[in-house]
Amino acid sequence: NLKPRVLWLKTLGLDDSQVAKTIMKFPHLMGSYSLEENLKPRVQWLRSLGLDDSQVPKTIMKFPQLMGCSLEGNLKPMVQWMKSLGMDDSQVAKT
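Throughout what follows, the structure given in this document is the object of discussion. (Residues numbered from 1 in each chain as written. Predicted model: local features only at pLDDT ≥ 70, side-chain atom pairs only at ≥ 80, totals over all residues. Heavy atoms only, no water.)

## Concerning the side chain of T22
- Locating T22 in the fold gives a position in helix α2 (residues 16-25).
- Once you skip the residues sitting within four places of it in the chain, T22 turns out to touch L14, L29, I60, M61 and P64. (Helix = DSSP H or I, 4+ residues; strand = E, 2+ residues; numbered from the N terminus. Contact = heavy atoms within 4.5 Å.)

## A few points about the pattern of salt bridges
- Counted according to the given criterion, the structure contains four salt bridges.
- Of the charged contacts, one joins D16 and K10 as a salt bridge, the two residues approaching to 2.5 Å between their closest N and O atoms.
- K40 is the partner of E36 in a salt bridge, and the nearest nitrogen-oxygen pair spans 2.7 Å. Here the residue E36 and the residue K40 both occupy positions in helix α3 (residues 35-48), the gap between them amounting to four residues, near one helical turn. (Salt bridge = Lys/Arg side-chain N within 4 Å of Asp/Glu carboxyl O.)

## Some points on the environment of S48
- With respect to the helices, strands and loops of the structure, S48 is situated in helix α3.
- In this structure the C-alpha to C-alpha distance between S48 and L14, which are 34 residues apart in sequence, comes to 20 Å.

## Some remarks on the environment of V6
- If you trace the backbone, V6 turns up in helix α1 (residues 3-11).
- For V6, a relative accessible area of 23% corresponds to the partly exposed category.
- Residues V6 and T59 lie 53 residues apart in sequence; the distance between their C-alpha atoms is 16 Å.
- Apart from residues lying up to four places away in sequence, V6 is in contact with V19, I23 and M30. (Buried < 20%, exposed > 50% of the residue type's maximum accessible area, 1.4 Å probe, protein only.)

## Focus on the side chain of T59
- Tracing the backbone shows T59 in helix α4 (residues 55-62).
- Classification of T59 by relative accessible area gives buried; the value is 17%.
- At a separation of 2.9 Å, a polar atom in the side chain of T59 contacts the main-chain carbonyl oxygen of Q55.
- Setting aside residues up to four positions removed in sequence, T59 forms contacts with L46, L51, P64 and L66. (Polar contact = N/O pair within 3.5 Å; in protein donor to acceptor, adjacent residues only side chain to side chain.)

## Digging into the layout of surface pockets
- Size it by volume and the largest pocket reaches roughly 500 Å³.
- Every residue lining the largest pocket is counted, 20 residues in all, and those nearest its centre are T59, V92, A93, K94 and T95.
- The set of elements that each furnish at least two residues to the lining of the largest pocket consists of α3, α4, α5 (71-84) and α6 (89-94).
- Of the residues contributing to the lining of the largest pocket, the split by class is 12 nonpolar, five polar and three charged. (1 Å grid on protein atoms, 1.4 Å probe; cavity = no way out; pocket = protein on both sides within 12 Å on 5 of 7 lines; lining within 4 Å. Points joined across faces, edges and corners; volume = space filled by probe spheres on them. Nonpolar A, V, L, I, M, F, W, Y, C, P; charged D, E, K, R; others polar.)

## Things to note about the packing of aromatic side chains
- Following the criterion strictly, the structure yields one aromatic pair and no others.
- Where F26 meets Y33, the ring centres are 6.1 Å apart and the plane angle is 20 degrees; that geometry is what we call stacked.
- Relative accessible area serves as the criterion here: at 10%, F26 is assigned to the buried category. (Phe/Tyr/Trp six-rings, centres within 6.5 Å; stacked < 30°, edge-to-face > 60°.)

What follows is the structure, encoded as structure tokens:
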């Protein structure tokens, strides 16, 4: 069922047009990933990096593929690597 995912994207701040564009960029967002087990934890992770409520939907729209990446296998190691290069949390969040 697509409706819960669309409604969830809207609660993050995306409007109908932005939801449609995001889905066109990454159609797997609508069916391949669990809302509770995959998508919501990734949004929480983005917030833990320091992104605020206006930045999270922008990030999802710009890079919807992030929602499909493994937190443990891809995203967290990448952030650790960036920090090892001397980047702070705000720099990592902007990247």
